[in-house]
Amino acid sequence: MIAAAVDKAAVARNFSEAAGSYDGWASAQAAIAGALVRRLPPGFDPARIADLGCGTGRLSELLLARYPSASLTGLDLADGMIAHCRSHAIGGGRAAFRRGDAECPSSLPDGVDLIASSCAAQWFSDLPATLRMWADALPPGGVLALATLVRGAFPELDAAHAAATGSPFPGLAFPEAAALAPVVRAAGLRLLADDPVAPQATYPDALGALRSFRKIGARVPGRPLLSPHGMRRLLAALDHTRNAAGEVTLTHRAHVLVAQKECR
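Only a predicted model underlies this, so the values are computations on that prediction, with no experimental measurement involved.

Draft legend 1. Broad picture of the pattern of salt bridges. As enumerated under the stated definition, the model contains 9 salt bridges in all. One salt bridge in this structure joins Lys8 and Glu103, with 2.5 Å as the shortest N-O distance. On the criterion of sequence distance, the pair formed by Lys8 in helix H1 (residues 8-17) and Glu103 in the loop between strand E3 (95-99) and strand E4 (114-118) is long-range, its members being 95 residues apart. A relative accessible area of 19% places Lys8 in the buried class.

Dropping the structure here:
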């Protein structure tokens with residue numbers, strides 16, 4: 001797993017601009033967050049939670065519902081996402097949201113028992129180093145819960161782009177699913193869950209499927225744009241994936257890991 005150069009300022013701008021439209025277009029991301037929460041260990045009862053890369057607060061809401069006595073700090077690079085969480089009073093008095101980089105040690109909230117992150121880690125510059133830092137911040141018995149998109153995240157889009165252009169879709173360099181568990185173990189954590197999830201999102205047409213990435217802010221800074229002819233070919237290829245209901249489907253392949261710091 002190799003560290004990737006990420007223009008975090010551009011990522012923050014894109015997600016800030018999408019804060020108002022994100023929830024209406026991110027059904028697959030919501031499903032992944034739900035899968036993460038369902039895999040948290042029974043009997044675990046954290047007092048303080050960190051939601052890193054909190055976005056519009058969907059995971060935060062699920063975590064606060066699961067743990068009604070806990071408080072939560074949500075952290076995100078995008079000012080627009082933080083403003084959304086605050087304006088919607090997510091968590092009421094039990095949650096606080098602030099801007100910060102989940103890969104920066106000084107941004108990490110102190111004294112948390114559960115560090116959770118869903119569909120944010122694929123934007124990190126150095127995921128292995130970040131997971132080690134999170135693990136070090138946990139107390140004995142603390143839990144790290146991570147969901148991230150993985151290599152081959154959008155198979156229908158990859159196939160359509162290859163058919164239209166002869167080359168792979170030039171998106172993010174997603175981590176390999178098989179590489180995640182060794183990184184978590186190397187950070188000194190005991191794996192409790194290590195599961196693939198693959199929710200599907202449906203759209204009325206191919207243009208809607210492509211537009212969904214902009215609507216949630218998931219534009220890759222610096223990615224070359226297709227020519228008008230290339231875009232028409234991509235839309236035509238993607239349109240051929242319509243299901244029986246006439247909708248275009250995009251699978252979102254992700255991986256969920258839940259791990260606990262050993263009590264010594």
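Draft legend 2. Focus on the environment of Gln200. As for its placement among the helices and strands, Gln200 is situated in strand E7 (residues 200-203). Given the relative accessible area of 53%, Gln200 is considered exposed. Remark: the alpha-carbon pair of Gln200 and His252, spanning 52 residues in sequence, is separated by 6.0 Å. When neighbours within four sequence positions are excluded, Gln200 is seen to be in contact with Glu156, Thr249, Leu250 and Thr251. Looking at Gln200, its side chain comes within polar contact range of the side chain of Thr251, at 3.1 Å.

Draft legend 3. Quick look at the nonpolar core. In this structure, Leu40, Leu63, Leu114 and Leu238 are the most contacted members of the largest nonpolar core, which totals 60 residues. Setting aside residues no more than four positions away along its own chain, Leu40 makes contact with Leu63, Arg66, Tyr67, Leu114, Val143, Ala145 and Val258.

Draft legend 4. Seen up close, the pairing of strand E5 (residues 143-149). Summarising burial for E5: 7 of the 7 residues are buried, a large majority. Going residue by residue along E5, you find Val143, Ala145, Ala147 and Leu149 tucked away on one face and Leu144, Leu146 and Thr148 tucked away on the opposite face as well. Taken together, the 5 bridges between E4 and E5 define a ladder with parallel strand orientation. Opposite Ala116, over in E5, you have Ala145 as the bridge partner.

Draft legend 5. Up close: helix H3 (residues 27-38). Over its 12 residues, H3 runs 17 Å from end to end, which matches the ideal 16 Å to within 8%, given 1.5 Å per residue. Among the residues of H3, Ala28, Gln29, Ile32, Ala33, Gly34, Ala35, Leu36 and Val37 are the ones counted as buried.

Draft legend 6. Up close: the packing of H3 against helix H4 (residues 58-66). At their nearest, the axes of H3 and H4 sit 9 Å apart, and the two run at 30° to each other. Here H4 runs roughly parallel to H3, going by the angle between their axes. Remark: the crossing between H3 and H4 carries right-handed chirality. Contacts between H3 and H4 involve Ser27, Ala30, Ala33, Gly34, Leu36, Val37 and Arg38 from the former and Arg58, Leu59, Leu62, Leu63 and Arg66 from the latter. Of the residues assigned to the contact of H3 with H4, the class counts are 7 nonpolar, 2 polar and 3 charged.

Draft legend 7. Molecular detail of the sheet that holds E4. The strand order across the open sheet built from 7 strands is E3-E2-E1-E4-E5-E9-E6, with neighbouring strands paired in mixed fashion. Unpaired on one side and paired on the other, E3 and strand E6 (189-197) mark the two borders of the sheet. Across the sheet, the mean angle separating the axes of adjacent strands is 15° when strand polarity is ignored. Sheet topology places strand E1 (residues 48-52) next to E4; 3 bridges connect them, and they run parallel. Among the inter-strand pairings, Ile49 is bridged to a residue of E4, identified as Leu114. Lying on the sheet, H3 is in contact with E4, E5, E6 and strand E9 (254-261); it crosses E5 at an angle near 155°.

Draft legend 8. Looking closely at the side chain of Glu156. Within the secondary structure layout, Glu156 lies in helix H7 (residues 155-165). Buried within the structure, Glu156 lacks any salt-bridge partner; Arg253 is the closest side chain of opposite charge, at an N-O distance of 7.0 Å. Of the polar contacts made by the side chain of Glu156, one reaches the side chain of Thr251; its length is 2.6 Å. Excluding anything up to four places from it in sequence, Glu156 contacts Gln200, Leu238, Thr249, Leu250 and Thr251.

Draft legend 9. Highlighting the environment of Arg219. Within the element layout of this structure, Arg219 appears in the loop between helix H9 (206-216) and helix H10 (228-239). Judged by its relative accessible area of 31%, Arg219 is partly exposed. C-alpha separation for the pair Arg219 and Leu172, spaced 47 residues apart in sequence, amounts to 9.2 Å. Sequence-distant contacts of Arg219, defined by excluding residues within four places in its chain, comprise Asn14, Glu17, Trp123, Phe213 and Arg214.

What counts and how
- Residues numbered from 1 in each chain as written.
- Predicted model: local features only at pLDDT ≥ 70, side-chain atom pairs only at ≥ 80, totals over all residues.
- Heavy atoms only, no water.
- Salt bridge = Lys/Arg side-chain N within 4 Å of Asp/Glu carboxyl O.
- Helix = DSSP H or I, 4+ residues; strand = E, 2+ residues; numbered from the N terminus.
- Buried < 20%, exposed > 50% of the residue type's maximum accessible area, 1.4 Å probe, protein only.
- Contact = heavy atoms within 4.5 Å.
- Polar contact = N/O pair within 3.5 Å; in protein donor to acceptor, adjacent residues only side chain to side chain.
- Core = buried A, V, L, I, M, F, W, Y, C linked by side-chain atoms within 4.5 Å.
- Pairing = 2+ DSSP bridges.
- Expected span 1.5 Å × (residues − 1).
- Axes fitted to C-alpha atoms, helices over the stretch in contact; angles between N-to-C directions.
- Parallel < 35°, antiparallel > 145°, perpendicular 65-115°, else oblique.
- Left-handed = near helix turned anticlockwise from the far one by under 90°.
- Nonpolar A, V, L, I, M, F, W, Y, C, P; charged D, E, K, R; others polar.
- Lys, Arg positive; Asp, Glu negative; His and termini not counted.

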